[in-house]
Amino acid sequence: MENLGFDLSSLDLAELWAAVVAFLAPRWLPSLIVVGVAVIVYLLARAVLGRAQRQWVTRTATQLDDLAVRLVRQALLLSSGAWAVWRLLDIWALPTVAQWVYAIWIGVLFFPLSRFVGDALTALETEVVSRTSTPLDKTALPMVNKAIRFVIIALGVVVALAELGINIAPLLAGAGVMGLALSLAAKDTLSNVIAGVLLIVDRPFQVGDRIELWTTPNETGSWGDVIEIGLRATKIRNPDNLVVVVPNNQIMQRDIINYTMSGQDIRLRIPFSVAYESDIERAKSLLVDIALGVEGIKSDPAPIVIARSFGPSEVNLELRVWILEARARRRIADDISEMALPAFEEAGVEIPYPKRELYIRSADAPRAEGV
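Residues numbered from 1 in each chain as written. Predicted model: local features only at pLDDT ≥ 70, side-chain atom pairs only at ≥ 80, totals over all residues. Heavy atoms only, no water.

1. With respect to the overall build of the protein chain
How we decide: Where helices and strands are cited, they refer to DSSP runs of H or I of at least four residues and of E of at least two residues respectively, numbered from the N terminus. With a 1.4 Å probe rolled over the protein chains alone, any residue whose accessible area is under 20% of its type maximum counts as buried; one over 50% counts as exposed, and the rest are partly exposed. We call two residues contacting when some pair of their heavy atoms lies within 4.5 Å. For accessible areas, the Shrake-Rupley method is used with a probe of radius 1.4 Å. Any residue's cover is judged against the shown protein chains and nothing else.
Along the backbone of the protein chain there are 10 helices and 7 strands. When each of the 371 residues of the protein chain is scored for burial, the buried share is 29%. Here the analysis covers contacts within the protein chain between residues at least 6 apart in sequence; of these, 62% occur between residues at least 24 apart. Surface summary for the protein chain: the accessible area is close to 24300 Å², and the carbon and sulfur share equals 62%.

Here is the structure:
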């Protein structure tokens, strides 16, 4: 035993045993009491809250009481175990570790609180979105929900650090410097995020609206339906079922053409051209009759045709009609144009096309004398 660095023969085993007994004697009974109290609280909380869940909470229509019972259950069950560990460490003369356990316990309690607030806001979102179309819709409310949950968890971390006696001022200063560096490195991303927030506040369009696109692949539709408004980008599905992802800062820098924001009925303008030799009034009457026979066109206000301008070989007309559904404007324009061609041909209304007239002088030119 001398090779181990000490001599057991020099130790007084009786004194060592007496010291161990003296250390354990005043602590074992309080430890048993703490464990017993924790177990009783745990079982009692489960029984009472389970009974309340079955007999009272499940019979109500609202979800808030269910969420409140779940919050209380999680908090009590977590607290019973954490309290027992904290008290045992304090009893067994480990105050530093006990303080860490207490701080972690306080901080962890904010997680079920954050979940409760998030679920309650989700229930509120469902209620609001189903009853009204105010700006607090399915785009804005989830963002507010996530922000509030993050703030609650951050508050829990701050409280836990304060319980440990850690000064958070240097941490906040360091976080500010790091945030400045990140903002400079990711300025484009932050620009898109700020633009996304402005889109939600200003509401130039919402999910489901049909808007005009600016850049699309060749030979594809130039408009689309908004399917998602995110913090960084907006997703738009065009008529070819292609999803165009547009950064939010690009959207905020352009004019936004929204076909459905003011309602489903919009005015449609369709250009036509007829030759100068044609009967202009007859052409106008034909276009009005054709428009009234196309499905989706309103009779009040009635369709009208105006002469817009005069071209090199044509009179430019414009048919103006009000349609019931903005999404049908392409179909209606196609139907009217397709029906106008045979109607013009049957009525003798000429559609102009480029013409050239050649004059050939056949007389011989006079010859000069002396040649």
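Read on, since the account is not over.
2. Section: the pattern of salt bridges
Keep this limit in mind: Think of a salt bridge as a Lys or Arg side-chain nitrogen and an Asp or Glu carboxyl oxygen that are within 4 Å of each other.
A full pass over the atoms with the stated rule returns 10 salt bridges. The salt bridge partner of Arg 210 is Asp 225, with a shortest N-O separation of 2.8 Å. Highlighted residues: Arg 210 in strand S1 (residues 210-212) and Asp 225 in strand S2 (residues 223-229), separated in sequence by 15 residues. A salt bridge links Arg 329 to Glu 212; the shortest N-O distance between them is 3.8 Å. Separated by 117 residues along the polypeptide, Arg 329 in helix H10 (residues 329-347) and Glu 212 in strand S1 bring together distant segments of the chain.

3. Observations regarding the pairing of strand S4 (residues 243-247)
This is how it is decided: A pair of strands is considered paired only if DSSP assigns at least 2 bridges between the two.
By the alternation rule, side chains of S4 split into Val 244 and Val 246, which are all buried, and Val 243, Val 245 and Pro 247, of which none is buried. As defined by bridge partners, strand S3 (residues 233-237) adjoins S4 across 5 bridges and the pair is classed as antiparallel. Bridge assignment links Ala 233 to a residue of S4, and that residue is Pro 247. Linking S3 back to S4 in an antiparallel pair, the connection comprises 5 residues, with Asn 241 at a positive phi of about 65 degrees.

4. Observations concerning the sheet that holds S4
Note the cut-off: Axes here refer to lines fitted to C-alpha atoms; in helices the fit is confined to the stretch in contact. Angles between the N-to-C directions go from 0 to 180 degrees.
The sheet built from 4 strands is open, its strands ordered S1-S2-S3-S4 with antiparallel pairing. Strands at the two margins of the open sheet, each flanked by one partner only, are S1 and S4. Between one strand and the next, the sheet's axes are offset by a mean angle of 45 degrees, whatever the strand orientation.

5. Quick look at the nonpolar core
Defined as follows: The criterion is simple. A nonpolar core is a set of buried Ala, Val, Leu, Ile, Met, Phe, Trp, Tyr and Cys residues joined through side-chain atoms within 4.5 Å.
Formed by 29 residues in total, the largest nonpolar core has its most connected members in Phe 272, Ile 297, Leu 319, Ile 332 and Ile 336. Taken together, the elements giving at least two residues each to this core come down to strand S5 (266-275), helix H9 (280-292), strand S7 (314-323) and H10. Counting residues per element, this core draws most heavily on H9, which supplies 6 residues. Residues contacting Ile 336, with those up to four places away along its chain left out, are Ile 270, Phe 272, Ile 290, Ala 291, Val 294, Ile 297 and Leu 319. If you look at the next biggest cluster of nonpolar residues, it comprises 10 residues, including Phe 205, Ile 211, Ile 236 and Val 246.

6. Topic: H10
Defined as follows: By definition here, a helix of n residues has an expected span of 1.5 Å times n minus one. Fitting axes to the seven residues ending at a residue and to the seven starting there, one defines the bend at that residue as the angle between these axes.
Taking 1.5 Å per residue, 19 residues should reach 27 Å; H10 reaches 26 Å between its end C-alpha atoms and fits that length. A maximum bend of about 25 degrees is found in H10 at Ala 340, where proline Pro 342 lies one to four positions downstream. Listed as buried for H10 are Arg 329, Ile 332, Ile 336, Ala 340, Ala 343 and Phe 344. As for H10, its buried residues are in contact with S1, S2, S5, H9 and S7. Positioned one or two residues after H10, Gly 348 has a phi angle of 75 degrees, which is positive.

7. A look at the sheet that holds strand S6 (residues 304-310)
A sheet is described by the order of its strands in space; here 3 strands give the open sequence S5-S7-S6, paired in antiparallel fashion. The open sheet is flanked by S5 and S6, the only strands paired with a single partner. Direction aside, neighbouring strands of the sheet carry axes that sit 25 degrees apart on average. Sitting on the sheet, H9 touches S5, S6 and S7, and the angle it makes with S7 is about 25 degrees. Against the sheet, H10 makes contact with S5 and S7, and its axis sits at roughly 25 degrees relative to S5, the strand it touches most.

8. A few points about H9
Inclusion rule: Throughout this description, a polar contact denotes any pair of N or O atoms lying within 3.5 Å of each other; where both atoms belong to protein, one of them has to be capable of donating a hydrogen while the other can accept it, and for residues adjacent in sequence the pair is counted only when both atoms sit in side chains.
For H9, which comprises 13 residues, the first-to-last C-alpha distance of 19 Å matches the rise-based estimate of 18 Å (1.5 Å per residue) to within 8%. Among all positions of H9, only Ala 283, Lys 284, Leu 286, Leu 287, Val 288, Ile 290 and Ala 291 are buried. The secondary structure elements touched by the buried residues of H9 are S5, S6, S7 and H10. Where H9 begins, the side chain of Asp 279 points an oxygen toward the backbone nitrogen of Glu 281, at a separation of 3.3 Å.

9. Quick look at the packing of aromatic side chains
Here is the rule we go by: We call Phe, Tyr and Trp rings a pair once their centres come within 6.5 Å, taking the six-membered ring for Trp, and we label the pair stacked below 30 degrees between planes, edge-to-face above 60, and tilted otherwise.
This model, assessed by the stated rule, comprises 5 aromatic pairs. A ring pair is formed by Tyr 276 and Phe 310, whose centres lie 6.3 Å apart and whose planes are at 15 degrees; its orientation type is stacked. Pair noted here: Tyr 276 is in the loop between S5 and H9 and Phe 310 is in strand S6, with a separation of 34 residues, a long-range link. Residue class for Phe 310 comes out exposed when judged on its relative accessible area of 64%.

10. What about a nonpolar patch on the surface?
Convention followed: Here the term patch refers to residues with relative accessible area over 30% and no salt bridge, with like charges joined within 9 Å and nonpolar side chains (Val, Leu, Ile, Met, Phe, Trp, Tyr) within 5 Å.
On the surface, Trp 28, Leu 29, Leu 32, Ile 33, Val 37 and Val 41 cluster together into a nonpolar patch covering about 550 Å² of accessible area. Residue placement: Val 37 occurs in helix H1 (residues 13-55). Exposure remark for Val 37: the relative accessible area of 36% places this residue in the partly exposed category.

11. Some words on the environment of Ala 75
Tracing the chain through its elements places Ala 75 in helix H2 (residues 64-91). Residue classification places Ala 75 among the partly exposed residues on the basis of a relative accessible area of 22%. Distance in space between the C-alpha atoms of Ala 75 and Phe 111 is 9.6 Å, their sequence separation being 36 residues.

By themselves these figures say nothing about function.
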